[in-house]
Amino acid sequence: MKVSYNWLKEYVDHPLSPEVLDEMLTMGGLEVDGREPFGTSVEGVVVGHVLEVKQHPNADRLTLCQVDLGGEAPVQIACGAPNVAQGQKVPVATIGTILMLPSRSNPAVKEPVEIKKAKLRGETSEGMICAEDELGLSDDHSGILVLPDEAQVGEPFAAYLQRQGVEAQDVVLDVAITPNRPDAVSHAGVARDVAALTDRILTMPEVELPAHGGAAAAQVAVEIEAHDACPRYVAMVVRGAAIKESPMWLKRRLTAIGLRPRNNVVDVTNYVMYECGQPLHAFDLDQLAGPKIIVRLTEKEQKFTTLDDKERALPEGTLMICDAEREVAIAGVMGGENSEVTEATTNVLIESAYFDPSLIRRTAKALGLQTDASYRFERGVDPEGQVWAAARAAQLIARLAGGEIVEGMVDAHPLPHAPREILLRPARIGQLLGVEIPTDEVVRLLRAIGFAVQEEEPIEKMVEQLMEGRAAEAESEETTLRCVVPSFRPDVEREVDVIEEVARLYGYD
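Residues numbered from 1 in each chain as written. Predicted model: local features only at pLDDT ≥ 70, side-chain atom pairs only at ≥ 80, totals over all residues. Heavy atoms only, no water.

Draft legend 1. Spotlight on the overall build of the protein chain. If you tally the helices and strands in the protein chain, you get 15 helices and 27 strands. Dimensions of the protein chain along its principal axes, counting C-alpha atoms only, are 100 × 60 × 40 Å. Looking at the protein chain as a whole, 52% of its 509 residues qualify as buried. Charge-centre separation for the protein chain: the mean point of 49 positive side chains lies 5 Å from the mean point of 83 negative side chains. (Helix = DSSP H or I, 4+ residues; strand = E, 2+ residues; numbered from the N terminus. Buried < 20%, exposed > 50% of the residue type's maximum accessible area, 1.4 Å probe, protein only. Lys, Arg positive; Asp, Glu negative; His and termini not counted. Charge placed at Lys NZ, Arg CZ, Asp CG, Glu CD.)

Below is the structure:
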């Protein structure tokens, strides 16, 4: 999984460099396979104002632009972009700026290029108006990057980006997540480990959680026919959204981890999934018959066309999301083209559900289709995380798309999650690890990664043992720790699993 260093720091304010973080995560059980810089330096790039655009007299595909850079006089810049126009605010690489640009011998490879004063077909050019890819912001080279009118002429582009919440440079860690660590398939999950390893606080965004019912429950119904396959399905509604391009900070975050931005609503669902690990799906509410959601298993083989415009043969027993009339998504794998969010969408239904891992694994394997969603559902998402993720996405959509969140939600929850308790004997830790770890440190480490830990008095334990007929054990006054396993750790089942958590956080070295 790709993890953005800058994104990670939003959840835990740690002092580690990318290199030290790489080593610490690997020693803590999250092996980092690689580390790559992302983006480029924008030193020397400033905000310019295009005052005039005219055709180059000696080149059909070039224009000559008079650009105000905040100096005493405008400069002339030759530009070949099709979208350059008078009045635009644009990023300009001034003379002396070094940009990472495609090599002439191999366009797939970028090399440093210094911007110099030059003559193009007999006309002077003093700088370069830049596209997003030339600034390392994305792979888009369709035209120059046009900035909002409020951009300040002459301002360093790095300062402009910072005001937009965008980092010009980042480092991306490629973390090899083992199947037993579903809690770590998100930035918040990795940040939780970093917080424990550095003794820092994990800080998550504040999200207002809705109550079940309200106007949302009156506007859409949810019916789960396959309780074991889908023990929880949360639905929220946002109305009046305007589907458009995402802001630069959001596109930047997704591009850094290898995702292609699409629109503000779909991008939000991907952002929240990589933030907290809960896959989401956005439906065009007006395309859902009823409007109603029915979760059921197919009774026979059938065809279904997914979002990628491919018709797929579904085996019997595939878990499907349906409306009142038809199938609209393959649960936990991919949505259907018949209900996808498009530019015409105004009302959005947000799906946040828990699906049985083994069932999603079989479906993805049968279809030969593994998606970011199925990757997480196969490992087991947090059965208590659906409401937070849906509410987080709804609030971001309302903010970025101008929509209004419909009050309340639908929370169909036929099989509530039962917390798991494990008794941990501190003495057993030393016996297994060969190192005596202070009980206070054991408690701190476990609480840092989400365990609820309570120290039990020996007398209470003795009474319990005597009542259960375990007199031999009752002779010992050994203190035990009652550990409630967090819902996002389905892999922790026994005392030795808890001890393993202590070992990796305390340090195998």
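Draft legend 2. The arrangement of empty space enclosed by the protein in detail. Counted under the stated rule, the structure contains 1 cavity of 30 Å³ or more. When its volume is computed, the largest cavity comes out at roughly 70 Å³. Surrounding the largest cavity, Ser4, Phe38, Gly165, Val166, Glu167, Asp170, Trp249, Arg252, Arg253 and Ala256 form its lining. Ranked by residues supplied to the lining of the largest cavity, first place goes to helix α6 (residues 248-256) with 4 residues. (1 Å grid on protein atoms, 1.4 Å probe; cavity = no way out; pocket = protein on both sides within 12 Å on 5 of 7 lines; lining within 4 Å. Points joined across faces, edges and corners; volume = space filled by probe spheres on them.)

Draft legend 3. Highlighting the nonpolar core. Among the nonpolar cores identified, the biggest contains 78 residues, and Phe157 and Tyr271 are the most heavily contacted of them. Of the residues forming this core, the biggest block, 11 residues, is contributed by helix α10 (residues 386-401). Beyond its immediate sequence surroundings of up to four residues, Phe157 is in contact with Val42, Val45, Val46, Pro91, Leu135, Leu137, Leu145 and Leu147. Among the nonpolar cores identified, the runner-up in size contains 42 residues, and Val220, Ile224, Phe304 and Leu367 belong to it. (Core = buried A, V, L, I, M, F, W, Y, C linked by side-chain atoms within 4.5 Å. Contact = heavy atoms within 4.5 Å.)

Draft legend 4. Region of the structure containing the pairing of strand β14 (residues 232-239). Of all 8 residues that make up β14, 7 are buried, and the element is covered over most of its length. By the bridge criterion, 7 bridges tie β14 to strand β22 (residues 348-354) in an arrangement that is antiparallel. Each bridged residue has a counterpart across the sheet, and for Met236 the counterpart in β22 is Ile350. Pairing of β14 with strand β24 (residues 410-412) involves 3 bridges; the strand directions are antiparallel. Looking across to β24, one finds that Tyr233 is bridged to Ala412. Relative to strand β23 (residues 404-405), β14 is paired through 2 bridges, and the arrangement is antiparallel. Along β23, the bridge assignment pairs Val238 with Ile405. (Pairing = 2+ DSSP bridges.)

Draft legend 5. Fine view of unusual backbone geometry. In this chain, Gly290 is followed by Pro291 through a cis amide linkage whose omega measures -15 degrees. Checked against the element boundaries, Pro291 lands in the loop between β15 (281-284) and β16 (292-297). Positive phi outside glycine occurs at Arg121, with the angle close to 55 degrees. Mapped onto the elements of the fold, Arg121 is located in the loop between β9 (118-120) and β10 (123-125). For Arg121, a relative accessible area of 55% corresponds to the exposed category. We note that Asp309 has phi near 65 degrees; this positive angle belongs to a residue other than glycine. Note that Asp309 resides in the loop between β17 (302-305) and β18 (311-314).

Draft legend 6. Seen up close, the layout of surface pockets. The calculated volume of the largest pocket comes to roughly 750 Å³. The wall of the largest pocket is formed by 29 residues, among which Arg262, Val266, Asn270, His281 and Leu307 lie closest to the centre. Examining the composition of the lining of the largest pocket, we find that 4 residues originate from one element, helix α7 (residues 264-276), more than from any other. In the lining of the largest pocket, the residues fall into 17 nonpolar, 6 polar and 6 charged. (Nonpolar A, V, L, I, M, F, W, Y, C, P; charged D, E, K, R; others polar.)

Draft legend 7. How the structure looks around the packing of α7 against α10. For the pair α7 and α10, the least separation of the axes is 9 Å and the interaxial angle reads 145 degrees. α7 and α10 meet at a crossing whose hand is right-handed. Here Asn264, Val265, Val268, Tyr271, Val272, Glu275 and Cys276 of α7 come into contact with α10, specifically with Trp388, Ala389, Arg392, Ala393, Leu396, Ile397, Leu400 and Ala401. Taken together, the residues of the contact of α7 with α10 break down into 12 nonpolar, 1 polar and 2 charged. (Axes fitted to C-alpha atoms, helices over the stretch in contact; angles between N-to-C directions. Left-handed = near helix turned anticlockwise from the far one by under 90°.)

Draft legend 8. Just a nonpolar patch on the surface, in detail. Together, Leu432, Leu433, Val435, Val496 and Tyr506 line one region of the surface with nonpolar side chains, adding up to about 380 Å² of accessible area. Secondary-structure elements contributing two or more residues to the nonpolar patch are α11 (426-433) and α15 (495-506). By the element assignment, Leu433 lies in helix α11. For Leu433, a relative accessible area of 33% translates into the label partly exposed. (Patch = residues over 30% accessible without salt bridge, like charges linked within 9 Å, V, L, I, M, F, W, Y side chains within 5 Å. Areas by Shrake-Rupley, 256 points an atom, 1.4 Å probe, with all protein chains shown as cover. Salt bridge = Lys/Arg side-chain N within 4 Å of Asp/Glu carboxyl O.)

Draft legend 9. Looking closely at the side chain of Ser4. Tracing the backbone through its elements, the reader meets Ser4 in strand β1 (residues 2-4). Leaving out residues up to four positions away in the same chain, Ser4 has contacts with Asp170, Val171, His187 and Ile257.

Draft legend 10. Geometry of the sheet that holds strand β13 (residues 221-224). Spatially, the 5 strands line up as an open sheet ordered β13-β16-β19-β20-β21, and their pairing is mixed. Strands at the two margins of the open sheet, each flanked by one partner only, are β13 and β21 (334-335). Here β13 runs beside β16; their pairing, made up of 4 bridges, is parallel. Looking at β16, one finds that Glu223 is bridged to Ile294.

Draft legend 11. Up close: the state of the cysteines. One pass over the structure, following the stated rule, counts 0 disulfides. Free cysteine: Cys130, not disulfide-bonded; nearest cysteine sulfur from Cys79 at 9.4 Å. Left without a disulfide partner, Cys322 is nearest to the cysteine sulfur of Cys230, which lies 12 Å away. (Disulfide = S-S within 2.5 Å.)

Draft legend 12. Local environment of the pattern of salt bridges. According to the stated counting rule, one finds 25 salt bridges in the structure shown. With its nearest N and O atoms 2.7 Å apart, the salt bridge here joins Asp22 to Arg35. Here Arg35 lies in strand β2 (residues 31-39) and Asp22 lies in helix α2 (residues 18-27), a separation of 13 residues in the sequence. The exposure class of Arg35 is partly exposed, given its relative accessible area of 34%.

Shape descriptors only; they carry no functional weight alone.
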